[in-house]
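Each chain, letter by letter, is given below.
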Amino acid sequence: MAVLAVMIPLLMLGVLLALGRYEELLLPGDEADRYEPAVAPPTAASVATSPGPAGTPASSP
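How each quantity is defined
- Numbers given for residues are sequential positions, taken from 1 along each chain in its written order.
- With the structure being a predicted model, the display of local features is reserved for residues of pLDDT at least 70 and the display and counting of side-chain atom pairs for 80 or more, all residues being used for whole-chain, interface and lining totals.
- Think of the side-chain values as coming from all heavy atoms in the structure, minus any hydrogens and water.
- Runs of E in the DSSP output that reach at least two residues are strands. Runs of H or I that reach at least four are helices, and both are numbered from the N terminus.
- Categorising residues by exposure relies on relative accessible area from a 1.4 Å probe, with only protein chains included: less than 20% of the type maximum marks a residue as buried, more than 50% marks it as exposed, and the intermediate range marks it as partly exposed.
- Patch membership requires more than 30% relative accessible area and the absence of a salt bridge. Residues of like charge join within 9 Å; the nonpolar side chains Val, Leu, Ile, Met, Phe, Trp and Tyr join within 5 Å.
- Methods summary: accessible areas were calculated by the Shrake-Rupley approach with a probe of 1.4 Å, and residue burial reflects only the protein chains presented.
- Salt bridge, as used here: a side-chain nitrogen of Lys or Arg that lies within 4 Å of a carboxyl oxygen of Asp or Glu.
- Each residue carries a pLDDT score, the predictor's confidence in it, ranging from 0 to 100.

1. Some remarks on the overall build of the protein
In step 1: Within the protein, the regular secondary structure consists of three helices and zero strands.
In step 2: Its helices and strands taken in sequence order, the protein reads α-α-α from the N to the C terminus.
In step 3: The proportion of buried residues among the 61 residues of the protein is 0%.

Printed below as a string of structure tokens:
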């Protein structure tokens, strides 16, 4: 009985640690949200002043 009383908490701790490792593998980490994107999105000023699409004919005088 004494051996059983020692083994049960150790087994429960092992299961708890295994579930924690499984959760880390299963769920995405928060580290991906901490970093800035590699390419910054264009600012509103550069979008507003951009010329028309390529191939658009110029207006005639």
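Let us keep going from here.
2. Brief notes about a nonpolar patch on the surface
In step 1: The grouping of V3, V6, M7, L10 and L11 at the surface amounts to a nonpolar patch, some 500 Å² of accessible area in total.
In step 2: With respect to the helices and strands, the residue M7 is situated in helix α1 (residues 2–26).

3. A word on the confidence of the model for the protein
In step 1: In this model, the protein carries a mean pLDDT of 76, and residues with pLDDT of at least 70 account for 49%.
In step 2: The secondary structure element of the protein with the lowest average pLDDT is helix α3 (residues 44–48), at 58, and the one with the highest is α1, at 93.

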